[in-house]
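Chain residues, written in single-letter form:
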Amino acid sequence: MKTANILGVQFHAVTLAQAVDAAIARIDAHQKGYVVTPNAEIVYLCRSEPDLTKLLNDACLVLPDGIGIIYAAKILHETLYGKVAGIDFADALMARMAKEGKSIFLLGAKPGVAEQAATVLQKKHPGLIVKGWSDGYFRTDDEAIAAINAVGGVDVAFVCLGAPKQERFMSAYAERIDATLLCGLGGSLDVFAGTVQRAPDIFIRLGLEWFYRLLKEPKRIGRMMSLPKFMLTVLGTRLSGSQKKGNTP
């Protein structure tokens, strides 16, 4: 797959449908791996945590979850086909999995949320098998791994621990976890469960989902300050010509 280099993170240039096709192909072939969905905030974090760049680039799918990444690609003359939000990817993936009776495990969020999400998702996607769930308040990583493995293996595990914790977890334990594909999905379980409302469609279409979240959670302002810093870094990289182009591995 062709990639787009955004400040060292190699995003896969895929549409939502192509991303789902690639994930299903890996599941069917029993090829273990993990999926990451970085936004501008996470890519900027890589500047201060260089090891995170490698964790992201080692993923089998690196999806551009954020309009900032799409703007950056245009500035840097890199090719991306549009935003592929993690929650949209997960929903489309489950729709495909439901048709084939594939299974998932839900890890993350506050106690009770994953269980509630399981109920909602099984109603929305008849045929989808939710084998188990566990909240994100485990005492040790081994406890979380044991919870997933106890259900006897799944096709996909949604790891919703927030970034970069979920990326570090998936990278460290992908081989130990009895799941073909791990997907890092941040706060998606809260949305699936209905405890948090996603932005209205108009905000999503205008690329303002981040602004809606800020309106709902003003305490996020500190984290959002990384967005202008990210764009300034992208502009500086473009002007200096210091970035290598993406490639086709």
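Residues numbered from 1 in each chain as written. Predicted model: local features only at pLDDT ≥ 70, side-chain atom pairs only at ≥ 80, totals over all residues. Heavy atoms only, no water.

Asks: Which residues make up the overall build of the chain, and what values go with them?
Replies: Scanning the chain from N- to C-terminus turns up 13 helices and eight strands. Oriented by its inertia axes, the alpha-carbon framework of the chain measures out at about 50 × 40 × 35 Å. Buried positions account for 49% of the 249 residues belonging to the chain. Counting only contacts in the chain whose residues sit at least 6 apart along the sequence, the fraction spanning at least 24 positions is 78%. In the form shown here, the chain has an accessible surface area of approximately 11600 Å², with 55% of it arising from carbon and sulfur atoms. Of note, the chain has its 29 positive side-chain charges centred 6 Å away from the centre of its 24 negative side-chain charges. (Helix = DSSP H or I, 4+ residues; strand = E, 2+ residues; numbered from the N terminus. Buried < 20%, exposed > 50% of the residue type's maximum accessible area, 1.4 Å probe, protein only. Contact = heavy atoms within 4.5 Å. Areas by Shrake-Rupley, 256 points an atom, 1.4 Å probe, with all protein chains shown as cover. Lys, Arg positive; Asp, Glu negative; His and termini not counted. Charge placed at Lys NZ, Arg CZ, Asp CG, Glu CD.)

Asks: How would you sum up a nonpolar patch on the surface? Please name residues and give values.
Replies: Among the surface-exposed residues, Trp210, Phe211 and Leu215 lie close enough to one another that they form a single nonpolar patch of about 280 Å² accessible area. Secondary-structure assignment places Leu215 in helix H11 (residues 209-216). (Patch = residues over 30% accessible without salt bridge, like charges linked within 9 Å, V, L, I, M, F, W, Y side chains within 5 Å. Salt bridge = Lys/Arg side-chain N within 4 Å of Asp/Glu carboxyl O.)

Asks: Describe the pattern of salt bridges, and please don't skip the residues or the numbers.
Replies: If you walk through the whole model with that rule in mind, you get nine salt bridges. Across the pair Asp28 and Lys102 runs a salt bridge, and its minimum N-O distance is 3.0 Å. Here Asp28, found in helix H1 (residues 16-28), pairs with Lys102, found in the loop between helix H5 (86-99) and strand S5 (103-108); they are 74 residues apart in sequence, far enough to count as distant. Residues joined in a network through salt bridges with shared partners are Asp28, Glu100 and Lys102.

Asks: Explain the packing of H1 against H5 residue by residue, including any values.
Replies: Close contact between H1 and H5 brings their axes to 10 Å; oriented N to C, the two are set at 50°. If you check the angle between H1 and H5, you find them oblique. In the packing of H1 onto H5, the handedness of the crossing is right-handed. When H1 is examined against H5, the residues Leu16, Ala19, Val20, Asp21, Ala23, Ile24 and Ile27 are found in contact with a partner set consisting of Asp88, Phe89, Ala92, Leu93, Arg96 and Met97. Here the residues of the contact of H1 with H5 are counted per class, giving 10 nonpolar, no polar and three charged. (Axes fitted to C-alpha atoms, helices over the stretch in contact; angles between N-to-C directions. Parallel < 35°, antiparallel > 145°, perpendicular 65-115°, else oblique. Left-handed = near helix turned anticlockwise from the far one by under 90°. Nonpolar A, V, L, I, M, F, W, Y, C, P; charged D, E, K, R; others polar.)

Asks: Residues and numbers for the pairing of strand S1 (residues 3-6), please.
Replies: What you see with S1 is no split at all: Thr3 and Asn5 on one side and Ala4 and Ile6 on the other are buried throughout. Where S1 lies against strand S2 (residues 9-12), four bridges are found, and the strand directions are antiparallel. Opposite Asn5, over in S2, you have Gln10 as the bridge partner. Linking two consecutive strands that pair antiparallel, namely S1 and S2, is a turn of two residues; a positive phi of about 55° is found at Leu7 within it. (Pairing = 2+ DSSP bridges.)

Asks: Account for the pairing of strand S7 (residues 154-160), with residues named and values stated.
Replies: In terms of burial, S7 is largely enclosed, as seven of its seven residues are buried. Inspection of the sheet shows S5 paired to S7 by five bridges, in the parallel sense. Paired with Leu107 across the bridge in S7 is Val159. Across five bridges, the pairing between S7 and strand S8 (residues 179-184) is parallel. From the neighbouring strand, Ala157 faces S8, where its bridge partner is Leu182. Once the chain exits S7 it traverses helix H8 (residues 165-173) before rejoining the sheet at S8, and the crossover so formed is right-handed. (Right-handed = clockwise from strand over helix to strand, strands pointing away.)

Asks: Tell me about the packing of aromatic side chains, residues and numbers included.
Replies: With the rule as written, the count across this model stands at two aromatic pairs. Considering the side-chain rings of Phe169 and Tyr173, the 5.2 Å spacing of their centres and the 65° angle between planes classify their relative orientation as edge-to-face. Here Tyr173 and Phe169 lie together in helix H8, a separation of four residues that amounts to about one turn. The pair formed by Phe169 and Tyr173 is uniform in burial state, with each residue classed as buried. Aromatic rings pair up to connect Phe138, Phe169 and Tyr173 into one cluster. (Phe/Tyr/Trp six-rings, centres within 6.5 Å; stacked < 30°, edge-to-face > 60°.)

Asks: Any chance you could break down the environment of Leu235 for me, citing the residues and the numbers?
Replies: For Leu235, the location among the structural elements is in helix H13 (residues 226-240). On the accessibility criterion, Leu235 (39% relative accessible area) is partly exposed. It is 43 Å that separates the C-alpha atoms of Leu235 and Gln116, two residues lying 119 residues apart in sequence.

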